[in-house]
Amino acid sequence: MWLSASSDERRDHFVVIGNPGSRRVELFQAALAELRLPAARVVSYLDLLSGKDALPRSVRDGTVVRIESPGKDFEVERALIAAGAGATDGDERFDRVSRQAAQDLRFERGRILYPRQWYLGYCATLRLIELQLAECPPHRSLPRPHPQWMNSPAEIALMFDKVACHQALRSRGAHVAPGLGAVNSFDELVGRMREQNCHRVFVKLASGSSASGVVAYQTDGRRHQATTTVETARQNGELRLYNSRRIRVYRDRREIAELIDALCRNRVHVEQWLPKAGFANRTFDLRVVVIAGRACHAVARLSRSPMTNLHLLNERGDADAVREKVGRAAWAAAMRNCELAMECFPESLYAGIDLLFTPDFRRQAVIEVNAFGDLLPGVFWQGQETYAAELRAMAGARACQRARDFCKGA
Amino acid sequence: MIYEHIANFAGKPVKDWEAQSGIQDPEGACYALRLSYEEAEEGRRWADKFAAFLDDPSSSQVSGIVIGDWGLLSSAIDETAAPVVEALVAARDRLPKLRAIFFGDIIGEECEISWIRQSDISPLFTAYPQLEHFCVRGGDGLSLGALKHNRLKSLIIQSGGLGVNVVREVVAADLPELEHLELWLGEENYGGDATVTDLAPILDGGLFPKLKYLGLRDSQITDEIARAVAMAPVVERIRVLDLSLGTLTDEGAAALLDSPAIARLEKLDVHHHFCSEEMTTKLQSLGVEVDASEREKPDIYGDEAWRYVAVGE
């Protein structure tokens, strides 16, 4: 059944793919309302995955499509893992689960469930979105693919693959923390660290978001220390991993090996743990939202541990005070680095970039590109929060496009 | 954990020494010699940087230096600081004006404080008889030897766990001019095994006739120290008592409040503590300058409350 076009057919029309009722979707609707734009039609991930809904039902000429995070919803997580069951993986060594077993998974707070397969499932979903969009009737007047995306499925997939994303950033010339290449076990990691004379690394789940499955590991040959939010529990002989809000420190080499090995079974990205600069008696990094190629909203994330992610109850620092301390030249270089990083994603209107400064602000490096890293309520740039600024940038781009088309037509 | 390089030392601002900028203010600033991550990546070595510093024509006028990371982030993680001590000792004739040394301004993001491998630093005191200010960070492998020095005014030992051997060397030291003594005692897990009994010679007030500032900081046993120090003769002689960065609770604070000598200090510093709000207010109304900022909450695991020092690891 096709939904009939509503009365505001000729006005701007938005579709958001996300989890209905989620904070992200609500905030986006609020941003639309504030700009006196009609509310977006929400297409839920679950309905897309089950086939209950499809984009051609909602999308028409001129529709702007926004893809939101599928996170924070266990049913969706389970459905994505199930969707990944059939996906082939070039590398078969990672933990997998059958579609049926995925559908039977029970919710356990913080449990890290098959992140590699989740990623494969999410990629399949992004491809499905792309295919469905291709079925939507093309617009006649615009030469560019239409309807318009706020973000592109293929680029979201790239951002969610930390290994590939890191490579893309490097080849673009953005400053990043040096990677140590693929490793499949703790022993391999230790060997690689020895070869490269590196004794501090971050081991991250290749497709994890936020601080999910991140370990800061250091050794001086005789001592070992892993700082992490991951907790382990053994159940029926199986080692289970959980994300917690508490920072834990493991010092037992065997325990650390077990933890890293378990993460490796779900594919990891390893990079040097660059020393971070301090501010206000904390270590810190920046989250910078780049919109339409320009570094806009910035927030400093202060922490007492190597993990700076905001959801770990860390503090937000006053970005202006940080900017002053960093100094004009270093700050400008950092913003340029974020913008350069975003050039890897030409079809994406925005992303949240995490960036660190080394002590004394000598250098900076991009550490993450977060496809959905623009959720920063209360942070303003030129008087607007992130979602509103994105919509404004989008409107600007559309106006330019229309003007160009008009000139061409004339 | 320590997050930032020091901005001031021995009353002077600290500037990083770089070959390009050179030495602009040899008397008014302390110069930091640190191998940054970037320099280490380029394969540069601390010893070469120090040699270049000594070749700077103004280095003979420098009054204070800060020794930063000597390569712990790269190659020297499993080496002790002995070669750095040797380099400083060998440079004694080229740094005739040197009055202040900070040995190990290394932040946690460069190397955990308890992973810094110190060594016997006693040759420094012999090599620099004019030294007035000395600070060292890292207690692992540290030794002061039989310390006798006629000019030293301030001695600061920062650690995440200070071994009783070092505390014994401090109490056996002959430092007639010492005004400022600061020991970061740390946690037992990281080698901080000194007890209040080991500190008794300091508390008895018979040592260091010119002592004005006593810091027994970053301690896991701050309450015990507070109880002992509240009644100790040394408090009658000093102006500042610093029990900050530690684990002070209402129990230790009550002992401090009961002590008439504490109320005659110029300043009591207990910042980073675990006192109740009520007790914090009482401390603040002691009538002397009190820093009771950074009120911390214990970590609760099951039935147990854990109170951590500010700088451990």
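These numbers were taken from a predicted model, which means no experiment stands behind them.

### What about the overall build of chain B?
Scanning chain B from N- to C-terminus turns up ten helices and 14 strands. The globule rule puts the C-alpha radius of gyration for 313 residues at 20 Å, and the 20 Å found for chain B is close to it. Summarising its shape, the C-alpha atoms of chain B cover approximately 55 × 45 × 35 Å along the three principal directions. Classification of the 313 residues of chain B by burial places 51% in the buried group.

### A short note on the overall build of chain A
In terms of helices and strands, chain A carries twelve helices and 15 strands. In terms of overall dimensions, chain A has a C-alpha envelope of 75 × 55 × 35 Å along the principal axes. In chain A, which comprises 410 residues, the proportion classed as buried is 46%.

### Overview of the pairing of strand E8 (residues 180-186) of chain B
Residue and element names in this part refer to chain B. Among the seven residues in E8, six count as buried, and that is most of the element. Relative to E8, strand E7 (residues 154-158) runs parallel, the two sharing four bridges. Bridge assignment links Leu-155 to a residue of E8, and that residue is Leu-181. Taken together, E7, helix H5 (residues 164-171) and E8 form a β-α-β motif whose crossover is right-handed. When E8 meets strand E9 (residues 213-219), the two strands line up parallel, connected through six bridges. Along E9, the bridge assignment pairs Leu-183 with Leu-216.

### Things to note about the interface of chain A and chain B
Taken together, the contacts link 18 residues of chain A with 17 residues of chain B. Class assignment of the residues belonging to the side of chain A that touches chain B gives a composition of three nonpolar, seven polar and eight charged.

### Remarks on the packing of helix H9 (residues 250-257) of chain B against helix H10 (residues 277-284) of chain B
All names here are of chain B. Between H9 and H10, the least distance of the axes is 10 Å, while the angle of their chain directions is 25°. The angle between the axes of H9 and H10 places the two elements in the roughly parallel class. For the pair H9 and H10, the crossing hand works out as left-handed. In this structure, H9 uses Asp-250, Ala-253 and Leu-257 to contact H10, whose residues at the interface are Met-279, Lys-282 and Leu-283. When its residues are assigned to classes, the contact of H9 with H10 shows four nonpolar, no polar and two charged.

### Some points on helix H3 (residues 74-83) of chain A
Judged by how many residues are buried, H3(A) sits mostly within the fold: eight of ten residues are covered. For H3(A), the set of buried residues is A:Val76, A:Glu77, A:Arg78, A:Ala79, A:Leu80, A:Ile81, A:Ala82 and A:Ala83.

### Some remarks on the nonpolar core
Residues and elements named next belong to chain A. Within the largest apolar cluster, 221 residues are counted, with the highest numbers of intra-cluster contacts made by Val-203, Val-215, Val-288, Val-290, Cys-338, Leu-355 and Val-366. Among the elements that take part in this core, helix H5 (residues 115-135) stands out by supplying seven residues, more than any other. Those residues in contact with Val-288, other than ones at most four positions away along the chain, are Ala-295, Ala-298, Met-335, Cys-338, Ile-353 and Leu-355.

### Side note on the sheet that holds strand E12 (residues 289-291) of chain B
All names here are of chain B. In spatial order, the strands read E1-E2-E3-E4-E5-E6-E7-E8-E9-E10-E11-E12; together these twelve strands make up an open sheet with mixed pairing. For this open sheet the edge positions go to strand E1 (8-9) and E12, each flanked by a neighbour on one side alone. Bridge count for strand E5 (residues 100-105) against strand E6 (residues 133-137) is four bridges, and the pairing is parallel. By the bridge assignment, Ala-100 is partnered in E6 with His-133.

### Some points on the domain arrangement of chain A
Quite often, the size of an interface is put as the accessible area lost when its parts meet. Domain parsing of chain A yields domain 1 (13-150), domain 2 (186-272) and domain 3 (276-394). On a C-alpha basis, the centroid separation for the pair domain 2 of chain A and domain 3 of chain A is 26 Å.

### Here's the deal with the environment of A:Arg253
All names here are of chain A. Topologically, Arg-253 is positioned in helix H9 (residues 253-264). Judged by C-beta crowding, with 15 C-beta atoms within 10 Å, Arg-253 ranks as partly exposed. Arg-253 sits 67 residues away from Phe-186 along the chain, and the two C-alpha atoms are 9.8 Å apart.

### A few points about unusual backbone geometry
Residues and elements named next belong to chain A. Phi at Asn-281 is positive, roughly 60°, even though this residue is not glycine. Following the sequence through the fold, Asn-281 ends up in the loop between strand E10 (278-279) and strand E11 (282-291). Despite not being glycine, Phe-361 has its phi angle at roughly 60°, a positive value. The residue Phe-361 is located in the loop between strand E14 (350-357) and strand E15 (364-370) in this model. Take Phe-361: there are 18 C-beta atoms within 10 Å of it, and that puts it in the partly exposed class.

### Things to note about the sheet that holds strand E5 (residues 200-205) of chain A
All names here are of chain A. The sheet built from five strands is open, its strands ordered E8-E7-E6-E5-E9 with antiparallel pairing. In the strand order of this sheet, the two ends are held by strand E8 (238-250) and strand E9 (268-272), each with one partner. For this sheet, the mean angle separating the axes of adjacent strands, direction not counted, is 35°. Note that E5 and E9 share five bridges and pair antiparallel.

### Focus on the environment of A:Gln272
Residues and elements named next belong to chain A. Summarising the element assignment, Gln-272 is placed in strand E9. Residues Gln-272 and Met-307, spaced 35 residues apart in sequence, show a C-alpha to C-alpha distance of 14 Å. In contact with Gln-272, other than residues within four places in its own chain, are Ala-177, Pro-178, Leu-180, Cys-198, Arg-200 and Val-201.

### Let's talk about the pairing of strand E2 (residues 12-16) of chain B
Residue and element names in this part refer to chain B. Bridge analysis of E1 against E2 gives two bridges, and the strand direction is antiparallel. Bridging across to E2, Asn-8 finds its partner in Pro-13. Hairpin connection of E1 to E2: two residues between the antiparallel strands, including Ala-10 at a positive phi of 55°. Note: E2 against strand E3 (residues 30-33), three bridges, orientation parallel. If you follow Val-14 over to E3, its bridge partner there is Cys-30.

### Digging into H5(B)
All names here are of chain B. Of all the residues in H5, the buried ones are Val-166, Val-167 and Val-170. Along the axis of H5, the buried positions cluster into a sector of 100°, meaning they face one direction only. Those residues of H5 that are buried are in contact with E7, E8 and helix H6 (196-203).

### Some remarks on the confidence of the model for chain A
Residue and element names in this part refer to chain A. Residues at a pLDDT of 70 or more form 90% of chain A, whose mean pLDDT is 90. pLDDT under 50 marks residues 1-10. Its contacts with residues more than four places away, or in other chains, come to five contacts. pLDDT under 50 marks residues 139-146. Its contacts with residues more than four places away, or in other chains, come to nine contacts.

### A word on the environment of A:Leu376
Residue and element names in this part refer to chain A. On the secondary structure map, Leu-376 appears in the loop between E15 and helix H12 (386-409). On a C-alpha basis, the gap between Leu-376 and Ala-298 in space is 9.2 Å, while along the polypeptide they are 78 residues apart. Beyond its immediate chain neighbours, meaning those up to four positions away, Leu-376 contacts Arg-287, Val-289, His-297, Val-299 and Thr-386.

### A closer look at the packing of H3(A) against H5(A)
Residues and elements named next belong to chain A. At their nearest, the axes of H3 and H5 sit 7 Å apart, and the two run at 85° to each other. Between H3 and H5, the angle is such that the two are roughly perpendicular. Seen from H3, the contacting residues are Glu-77, Leu-80, Ile-81, Ala-82 and Ala-83; seen from H5, they are Gln-117, Trp-118, Gly-121, Tyr-122, Ala-124 and Thr-125. Residues of the contact of H3 with H5, tallied by class, amount to seven nonpolar, three polar and one charged.

Rules and cut-offs
Residues numbered from 1 in each chain as written. Chains lettered and ligands numbered in written order. Predicted model: local features only at pLDDT ≥ 70, side-chain atom pairs only at ≥ 80, totals over all residues. Helix = DSSP H or I, 4+ residues; strand = E, 2+ residues; numbered from the N terminus. Rg over C-alpha atoms; globule rule 2.2 N^0.38 Å. Buried ≥ 20, exposed ≤ 12 C-beta atoms within 10 Å, placed from the backbone. Pairing = 2+ DSSP bridges. Right-handed = clockwise from strand over helix to strand, strands pointing away. Contact = placed C-beta atoms within 7 Å. Nonpolar A, V, L, I, M, F, W, Y, C, P; charged D, E, K, R; others polar. Axes fitted to C-alpha atoms, helices over the stretch in contact; angles between N-to-C directions. Parallel < 35°, antiparallel > 145°, perpendicular 65-115°, else oblique. Left-handed = near helix turned anticlockwise from the far one by under 90°. Core = buried A, V, L, I, M, F, W, Y, C linked by C-beta atoms within 7 Å. Domains from an automatic or database assignment. Arc of directions from axis to C-beta. pLDDT = per-residue confidence, 0-100.

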